[in-house]
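One-letter residues, chain by chain:
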Amino acid sequence: MSQRRADTLNRRARFLHQRRKDRSTLPCLENGGTQVYAYWKRGEGLVVSVHLDTGEVPGDLISPDGTIPVRITVNGDCVFGAD
């Protein structure tokens, strides 16, 4: 992916907050057809959940084998990576 494509996707990202009237919703960042939820849960702390199967990921972001490259960092250190 080119830097220009990455910049375009990042500019189009949007944040969906938890709705007061519907407590089943959770804070979510949508970017490039993916969804990343980050929320606090009693007894677990901070939960981060990545959803790549929304059906809205553009084809140019999906590898030929059908996967999406992912790297997850915590305080700058990679804790998970999948190409």
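Values in this document were obtained by computation on a predicted structure and should not be read as measured data.

Chemist: Mind laying out the environment of Gln 3, listing which residues take part and the relevant values?
Modeler: Position of Gln 3 among the secondary structure elements: in helix H1 (residues 3-12). Within the structure, Gln 3 has its side chain in polar contact with the side chain of Asp 7 (distance 2.8 Å).

Chemist: Pulling in residues and values, what's your account of the sheet that holds strand S1 (residues 14-16)?
Modeler: With respect to topology, four strands assemble into an open sheet ordered S1-S2-S3-S4, the strand pairing being antiparallel. Looking along the sheet, the strands with just one partner apiece sit at the ends: S1 and strand S4 (45-51). Within this sheet the neighbouring strands show an average axis-to-axis angle of 20 degrees, counted without direction. Direction of pairing for strand S2 (residues 28-31) relative to strand S3 (residues 34-41): antiparallel, over a ladder of four bridges. Within S3, the position partnered with Cys 28 by the bridge is Tyr 37.

Chemist: Account for the pattern of salt bridges, naming residues and giving values.
Modeler: Throughout the structure, instances matching the rule amount to three salt bridges. A salt bridge links Asp 60 to Arg 5; its shortest N-O distance comes to 2.8 Å. Remark: Arg 5 occurs in helix H1 and Asp 60 occurs in the loop between S4 and strand S5 (70-74); sequence separation between them is 55 residues.

Chemist: Help me get a handle on the pairing of S5, residues and values and all.
Modeler: Inspection of the sheet shows S5 paired to strand S6 (residues 77-82) by five bridges, in the antiparallel sense. When the sheet's bridge partners are listed, Val 70 is paired in S6 with Ala 82. Connecting the antiparallel pair S5 and S6 is a turn made up of two residues, with Asn 75 showing a positive phi of about 50 degrees.

Parameters and conventions
- Residues numbered from 1 in each chain as written.
- Predicted model: local features only at pLDDT ≥ 70, side-chain atom pairs only at ≥ 80, totals over all residues.
- Heavy atoms only, no water.
- Helix = DSSP H or I, 4+ residues; strand = E, 2+ residues; numbered from the N terminus.
- Polar contact = N/O pair within 3.5 Å; in protein donor to acceptor, adjacent residues only side chain to side chain.
- Pairing = 2+ DSSP bridges.
- Axes fitted to C-alpha atoms, helices over the stretch in contact; angles between N-to-C directions.
- Salt bridge = Lys/Arg side-chain N within 4 Å of Asp/Glu carboxyl O.

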